[in-house]
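# Observations on the model geometry
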2 protein chains.
Amino acid sequence: MFKQRGYDGTSMLDIARALDIHKSSLYHHISGKEQILADAVQSALGALLGVLDERRATTGPPGRRLRHVLWRTVEIMVDQLDEVTVLLRVRGNTATERWAMERRREFDRRVQELVAEAQREGEVRADLDPALVTRLLFGMSNSVTEWYQPGRGLDAGDLAGAIIAICFDGLAHGPLDGEGDGRA
Amino acid sequence: MFKQRGYDGTSMLDIARALDIHKSSLYHHISGKEQILADAVQSALGALLGVLDERRATTGPPGRRLRHVLWRTVEIMVDQLDEVTVLLRVRGNTATERWAMERRREFDRRVQELVAEAQREGEVRADLDPALVTRLLFGMSNSVTEWYQPGRGLDAGDLAGAIIAICFDGLAHGPLDGEGDGRA
């Protein structure tokens, strides 16, 4: 409902009606709609930040670690499509939203450091600002939440593979030019 | 205001207050908030669809035409940031919004044909679905509306150049590996 109507446009009464229970019963289970938002963004952020501590994100050449983080981000997006979509639409109107935005910025900062490290190692072209590269990479991968529909042929691996192929090897280069998808 | 509060969350009274005029005076100028939305999306769509008829989008190798379309799309986005942002957030709740969505789909279809043509000519790697490539390209370029702030150092050329460099040449390839930005 938060995806369809927006968080501000959804009331506890709307939620109770959708679940076909009384509003008072709903309050026995949750303290309010902010708790639903908090549960969703905590789940998405926990998964995303967890990726940065995975072995493949912490050991090996930084270019390969960056590919791994991007691949896993897309997997989490497909796996928790609703939660990640809600997280990406947070605008900072409540304490929970501001907390979520701060954690998102932390995630972005750590990925940006990985981009910069890969540039220093010569694995990623160094003529582009690492903050801009990070924004554009996530711009492409996050856009998946705008149109992806599960069970319509494309799985997480197809999506992640295409995003990594375009961003790392480029559309002008064939599949044999690059280093693969970093999963080998 | 549509960007900040959402179209549904903005009333004619809000608009009149922001302009410091009476609501009845506002109705002398416009028929309603749907007219403001219509003006914004018509302006953005007119500019975007106009690109597809530019000489550089209709003549020359399809890979170069595709780069030109992407470059010009980013220029229009920066030039009409509010209008394009409103267009991208349209969800189909009114007749105007459904009309805008249909025109966006037309734009996407025509770019998708250009991607397929560039693949047939061997200028763009052919191992990726052209519809998916089109979605991901616009996913990256459209994301600019989420964070771009005019006058903070980055101009349209910087943005378009970075997007084309990443998407066509790839992060793993240096600036000398590719064919440039297609502006030569």
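Residues numbered from 1 in each chain as written. Chains lettered and ligands numbered in written order. Predicted model: local features only at pLDDT ≥ 70, side-chain atom pairs only at ≥ 80, totals over all residues. Heavy atoms only, no water.

Quick look at the overall build of chain A now. Looking only at helices and strands, chain A has 11 helices and zero strands in total. For chain A, the spread of C-alpha atoms along the principal axes amounts to about 60 × 35 × 25 Å. Taken across its 184 residues, chain A has 51% of its residues classed as buried. Restricting to contacts in chain A with at least 6 residues of sequence separation, those with at least 24 account for 64%. Split by element, the accessible area of chain A, about 9,000 Å² in all, is 47% carbon and sulfur. (Helix = DSSP H or I, 4+ residues; strand = E, 2+ residues; numbered from the N terminus. Buried < 20%, exposed > 50% of the residue type's maximum accessible area, 1.4 Å probe, protein only. Contact = heavy atoms within 4.5 Å. Areas by Shrake-Rupley, 256 points an atom, 1.4 Å probe, with all protein chains shown as cover.)

As a further point, take the relation of the copies chain B and chain A. Superposition record for chain B on chain A: RMSD 0.0 Å, screw rotation 180°, translation along axis 0.0 Å. Expressed as an axis order, the relation between the two copies is that of a two-fold axis. When the interface residues of chain B are mapped onto chain A, 97% of them are again interface residues, pointing to one common binding face. (Least-squares fit on C-alpha atoms with pLDDT ≥ 70 in both.)

What follows is about the interface of chain B and chain A. Taken residue by residue, the interface counts 35 residues in chain B and 34 residues in chain A. When the two sides are added together, the surface that chain B and chain A hide from each other amounts to roughly 3,100 Å², 69% of it contributed by carbon and sulfur. For chain B, the biggest contributors to the area lost against chain A are Arg-125, Leu-136 and Leu-171 of chain B; these three give 26% of the whole. Our count for the contact surface shared by chain B and chain A stands at two salt bridges. In this structure, Arg-91 of chain B engages Glu-146 of chain A in a salt bridge whose closest nitrogen and oxygen atoms are separated by 3.0 Å. Those elements that place two or more of their residues in the side of chain B that touches chain A are helix 9 (130-142), helix 10 (144-147) and helix 11 (156-169) of chain B. When residues in the side of chain B that touches chain A are grouped by element, the largest group, eight residues, is from helix 11 of chain B. Looking at the side of chain B that touches chain A, its residues break down into 20 nonpolar, five polar and 10 charged. (Buried area = accessible area lost by both parts, 1.4 Å probe. Salt bridge = Lys/Arg side-chain N within 4 Å of Asp/Glu carboxyl O. Nonpolar A, V, L, I, M, F, W, Y, C, P; charged D, E, K, R; others polar.)

Residue and element names in this part refer to chain A. In the predicted model, chain A carries a mean pLDDT of 90, and the fraction of residues at 70 or more is 94%. Considering only residues more than four positions removed or in separate chains, one finds that residues 178-184, a stretch of pLDDT under 50, has 17 contacts. Prediction confidence for the complex, expressed as pTM and ipTM, is 0.89 and 0.88 respectively. (pLDDT = per-residue confidence, 0-100.)

Another aspect to go through is the packing of aromatic side chains. All names here are of chain A. Enumeration according to the criterion identifies four aromatic pairs over all chains in this entry. Where Phe-107 meets Phe-138, the ring centres are 5.5 Å apart and the plane angle is 50°; that geometry is what we call tilted. Note that Phe-107 is positioned in helix 8 (residues 95-120) and Phe-138 in helix 9 (residues 130-142), a separation of 31 residues in sequence. Like Phe-107, the residue Phe-138 is buried in the burial classification. Arranged with centres 6.4 Å apart and planes meeting at 75°, the rings of Trp-147 and Tyr-148 form a pair that is edge-to-face. Trp-147 sits in the buried class, given a relative accessible area of 17%. Classification of Tyr-148 as buried rests on a relative accessible area of 8%. (Phe/Tyr/Trp six-rings, centres within 6.5 Å; stacked < 30°, edge-to-face > 60°.)

Counting 116 residues, the largest nonpolar core has Leu-136 of chain A together with Leu-136 of chain B as the members making the most contacts within it. Look past the residues within four positions of Leu-136 of chain B in its chain and what remains in contact with it is Met-140, Ser-143, Val-144, Trp-147, Ala-162, Ile-163 and Ile-166 of chain A. (Core = buried A, V, L, I, M, F, W, Y, C linked by side-chain atoms within 4.5 Å.)

The residue Thr-73 of chain B is located in helix 6 (residues 62-79) in this model. Excluding residues that lie within four positions of it along the chain, Thr-73 of chain B makes contacts with Leu-48, Phe-107 and Phe-138 of chain B.

Let us now look at the pattern of salt bridges. Enumeration according to the criterion identifies 18 salt bridges over all chains in this entry. Residue Arg-105 of chain B pairs with Glu-102 of chain B through a salt bridge whose shortest N-O separation is 3.4 Å. Of the two residues, Arg-105 of chain B and Glu-102 of chain B are both situated in helix 8 (residues 95-120); the distance of three residues between them amounts to about one turn of the helix. According to the relative accessible area criterion, Arg-105 of chain B is partly exposed, its value standing at 41%. Through salt bridges with shared partners, a single ionic network connects Glu-54, Arg-72 and Glu-75 of chain A.

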